[in-house]
Structures are given as C-alpha cells and as structure tokens.
Protein chains: 2
Amino acid sequence: MANCSVDYEGRLNAHLPPATRLIMVKADGCVAVHADGGAYKPLNWMNAPNYLEDHGDEWVVTNPKGERLTIRFEEILSDVSMEMGEDPGLQKDGVEAHLQVLLADQPGVLEDDLQLIRREYFTDIGPVDLLCSDAAGGTVAVEIKRRGEIDGVEQLARYLERLNLDARLAPVRGIFAAQSITPQAKVLADARGISCVEVDYDELRGAESNTLKLF
Amino acid sequence: MANCSVDYEGRLNAHLPPATRLIMVKADGCVAVHADGGAYKPLNWMNAPNYLEDHGDEWVVTNPKGERLTIRFEEILSDVSMEMGEDPGLQKDGVEAHLQVLLADQPGVLEDDLQLIRREYFTDIGPVDLLCSDAAGGTVAVEIKRRGEIDGVEQLARYLERLNLDARLAPVRGIFAAQSITPQAKVLADARGISCVEVDYDELRGAESNTLKLF
DNA sequence: GACTCTATCTCGGTA
DNA sequence: TACCGAGGTAGAGTC
C-alpha cells in the first residue's frame, strides 16, 4: 500500500492523481492498482506477460503490445510479500455451456420426439447451439441461454434467416430455450414465429443422473 | 492472506478447494478472493452492498439478491488493514466517445463528400452516432464502435428500420465504422445492405491535429 | 429503478 | 496465435 500516482498509455491514455492505493503484483507478473472501493476492478492494471523496471520511487511496466503503466511512489505505507503456489482453480456449475450439454442429451425435453443432428452447427455468422430434426422430419434450430432476453431471440432469428438460405435444410424453424424468458423476449419470439421453452436446470440434471443410473 | 476454501451460491454455483489466497475487503464492504495469477479478476467475489457475518474461521457474505459467498479459513497467514480515504478517480482519454468526435469532424474519411447533419441523432429506440448526407443528397446513419462485432450491426439495423419510418429522412442507408470488424459482422452487414469501414484511430487523430495546425 | 450500451472488459474455447 | 462469444459480466449514463 502506498501513496502513488499512476499513468497508463496503451489502448487509451489514463491518469491517476496522487492518493493512497493498494498495489498488487501476482506471481505471473501482472500488476493491479486498487482504490478502497469500486468493486473488484482495479483503477489501473497491466496483465501478464509484461516487464517491470523498478527505479525505486518509480515502476515502469511495459508489455509486448507497447502499452505502458507508470507508477510513481510518494510514500510506501505497507509492503507484504508471500509465496502462494498454484491454485487448484474454480469449479463452476450452472452456466450456459452446462445447459447446452444437458439439452443436447435430452432434446425431447424441448419438444416430443426432437432428435439431435448436431451441437454447435456452424454458419458463417456464428454457431447454432443445437440443430435438430422434429417428428415430421423438419429441421429445428435451438438457441440456448441461461437468461432468455431479446438479444437471444435476435440471435436465433439471424441464424434462421441464414439457415433458410440453405436449400438442403430449409425450411428451418426455431426454439428458444432458457431457464427464464422475459416477456419482451416472448413477444418478439412470437412475432418471429419462434417457440419458447423454459427449462429447469435442476430437473434436467436430475433426469440426466437418473438416465446414468439406469444404463 | 490465508489458506481457505470458498463457495459461491447465486447466479451460479462455484466452489474453490482449499489453497493459499489473498482476500481483499474494501471500505464499501465488497469482498474479493484472489489467486496468485490470472489478471485482475478475482476467483470469487461479492460486490457491495452486502452483509458480512464473521464466525471466526468462516465468513458468510450475503447480498440483498440472495447470493451467498462462504469463505472457510484454515490458516491466516497475514492480516493487514489500512485507512485509505477517497480516491480522486481516473481520467480517461481515447475511448469510443473520442472516435465519435474525430469522425464527426472528418466524416469524409468514411466516404467521399459525406457531410455531418447531426451527432447523437435521437430516435425513440436510442441515439444514432452520426446522421450524415451523402454526395447524392441521401441520408446515411453511421454507427461507430471501437471493435466492430455482430451486435453493433444489429444495433445499426434497428436504427435504420426506425429512421426509414420517417418520411422526411427515408430512404436511409447505413455505414458501420470501427477500428476492426469481425468477419461475421461483415457478413451480417452485407446481408442487411450496410457498408463497413475500418478506421485507424491514430491516423484520424493525426489528420485532426494536422487540420488544427493548418487552420 | 429500469434500460441501454461501453469496456485497457476478462476468460474460455476453437479454428 | 487470433478470433469469437459468454459473463455471477461491471459500470456509467439516460430516461
């Protein structure tokens, strides 16, 4: 912790007047300058890889992209250093990727007799989460979100527009699947002829483990 | 700094096995758990406002949204506290707003004989960055981004749809300007009849200062 | 307070 | 490595 002023020149220019701040240097060399507030984001930082020149009362941190962070120290208030070792890392559960895996295994949850053709089916404007075929042999594009908002409907509409240009697939209809869908998104989906399905993550996971137990 | 394990339950679930980490509590009450690497983002955190229950070897931090962060301490390795006071704040220069100012002054960079009608032209779904008229007297809406991605194209398409409802302006076409534009965004822009222009910030700024020197 | 949009976004995945 | 999309996005500005 120190009284310091900071300048950053790189993707933009930024200046911090002198004040008391916490400066954190991690094992990978990244540097962060924190104020005593404003959530977890530092005021200024320089990610690894970088090179730190220590001129005593001034640090100059540069990186290969030509960005530069300059910290001028006026007074050091506290200086603590510690060896921490590798971190085993964060285990996440319940993000969009998870939902996609579960639905790819159980497309029938979205609609009776829906069959998976492909996960992450690529178009030239991005990947469709699930491409399926329905009971009548028609093609169905599924967009999966954790939270279903208007952007997601737009995204699916774009894919449908694109897929319907492909004579081998057309006509393709859409299903918008999410743990919750906003009323606005439902209205837009309806206007675009897209069906909405709200799925329960815990139920899906439960069904999944039952399947695993059964076979 | 402490050996600790952490659990977060909220928008998703996340678990951190026991390891040595730095825990930062700021004056506003926000809590961040940092590993010794991985840029500035903490492994886990809880923003203000929140409520911290200190049970000695366990902290439980909850917020009004019903999210919960639990830190179990196995061993405290270092404990430093300091009063830091208000921070005067960061001064920035060179973000999208800047690019908009530069292009408003030099719309000719985007297309020959393009003339500015208005910056931040308001529609009922949001402001169009630049509204211009072209050599033929037609109206052109310009959307400016630092990085041109598919969302920006959609944004411009929405504005165009809106502007074309106005008989005094229609027909209006679009130009999507950014320092770099992704291939997907280009494909979509093309499909929507929107032209793409990649602009160089430094060149613009250079041209600007030359103009200032000349006149 | 809700909505919109930017960001030195960060981070993970993949071609 | 570069590019692309998700995020517990966060944060700022506006209505």
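Residues numbered from 1 in each chain as written. Chains lettered and ligands numbered in written order. Predicted model: local features only at pLDDT ≥ 70, side-chain atom pairs only at ≥ 80, totals over all residues. Heavy atoms only, no water.

Draft legend 1. Spotlight on the overall build of chain A. Check the secondary structure of chain A and you find four helices and 13 strands. Here the C-alpha atoms of chain A give a radius of gyration of 25 Å, more than 25% beyond the 17 Å that 2.2 N^0.38 yields for 215 residues. Along the three orthogonal principal directions, the C-alpha set of chain A runs to about 75 × 40 × 30 Å. Burial status across chain A gives 47% buried among its 215 residues. Across chain A, contacts joining residues at least 24 apart in sequence account for 45% of those joining residues at least 6 apart. (Helix = DSSP H or I, 4+ residues; strand = E, 2+ residues; numbered from the N terminus. Rg over C-alpha atoms; globule rule 2.2 N^0.38 Å. Buried < 20%, exposed > 50% of the residue type's maximum accessible area, 1.4 Å probe, protein only. Contact = heavy atoms within 4.5 Å.)

Draft legend 2. Structural context of the interface of chain B and chain A. Of the residues lining the interface, 56 residues belong to chain B; the matching set on chain A comes to 56 residues. Around 5,000 Å² of area is buried between chain B and chain A when both sides are counted, 60% of it from carbon and sulfur atoms. If you sort the residues of chain B by the area they bury against chain A, B:Asp36, B:Tyr40 and B:Met84 come out on top, with a joint share of 16%. Across the pair B:Arg192 and A:Glu161 runs a salt bridge whose closest N-O atoms are separated by 3.1 Å. Summed over the shared surface of chain B and chain A, the number is 21 residue pairs in polar contact (both at pLDDT 80 or more). Where the side of chain B that touches chain A is concerned, the elements lending two or more residues are β2 (13–25), β3 (31–34), β4 (44–46), β8 (91–93), α2 (150–163) and α3 (183–191) of chain B. The leading source of residues in the side of chain B that touches chain A is β2(B), at 12 residues. In terms of residue class, the side of chain B that touches chain A is built from 30 nonpolar, 13 polar and 13 charged. The pairing of strand β2 (residues 13–25) of chain A with β8(B) spans three bridges and is classified as antiparallel. Along β8(B), the bridge assignment pairs A:Ala14 with B:Lys92. (Buried area = accessible area lost by both parts, 1.4 Å probe. Salt bridge = Lys/Arg side-chain N within 4 Å of Asp/Glu carboxyl O. Polar contact = N/O pair within 3.5 Å; in protein donor to acceptor, adjacent residues only side chain to side chain. Nonpolar A, V, L, I, M, F, W, Y, C, P; charged D, E, K, R; others polar. Pairing = 2+ DSSP bridges.)

Draft legend 3. Region of interest: the nonpolar core. One finds A:Ala141, A:Ile194, B:Ala141, B:Leu163 and B:Ile194 to be the most contacted residues of the largest nonpolar core, which totals 39 residues. Top contributing element to this core by residue count: α2(B), with seven residues. Leave out the neighbours within four places in its chain, and B:Ile194 touches B:Val153, B:Leu156, B:Ala157, B:Leu160, B:Gly174, B:Ile175, B:Phe176 and B:Ala189. (Core = buried A, V, L, I, M, F, W, Y, C linked by side-chain atoms within 4.5 Å.)

Draft legend 4. Looking closely at the packing of α2(B) against α3(B). Residue and element names in this part refer to chain B. Running from amino to carboxyl end, α2 crosses α3 at an angle of 20°, the nearest separation of the two axes being 8 Å. Considered as vectors, α2 and α3 are oriented roughly parallel to each other. The interaxial crossing formed by α2 with α3 has right-handed handedness. On the side of α2, the interface is formed by Ile150, Val153 and Glu154, while α3 contributes Gln184, Ala185, Leu188 and Ala189. Grouping the constituent residues of the contact of α2 with α3 by class yields five nonpolar, one polar and one charged. (Axes fitted to C-alpha atoms, helices over the stretch in contact; angles between N-to-C directions. Parallel < 35°, antiparallel > 145°, perpendicular 65-115°, else oblique. Left-handed = near helix turned anticlockwise from the far one by under 90°.)

Draft legend 5. Representation of the pairing of strand β12 (residues 172–181) of chain A in the model. Residues and elements named next belong to chain A. Of all 10 residues making up β12, seven are buried, and the element is well covered by its neighbours. Relative to β12, strand β11 (residues 139–148) runs parallel, the two being bridged by nine bridges. Across the sheet, the residue bridging to Val140 is Arg173, located in β12. The pairing of β12 with strand β13 (residues 195–198) spans four bridges and is classified as parallel. Bridging across to β13, Ile175 finds its partner in Ser195. On the question of chirality, the crossover connecting β12 to the parallel β13 by way of helix α3 (residues 183–191) is right-handed. (Right-handed = clockwise from strand over helix to strand, strands pointing away.)

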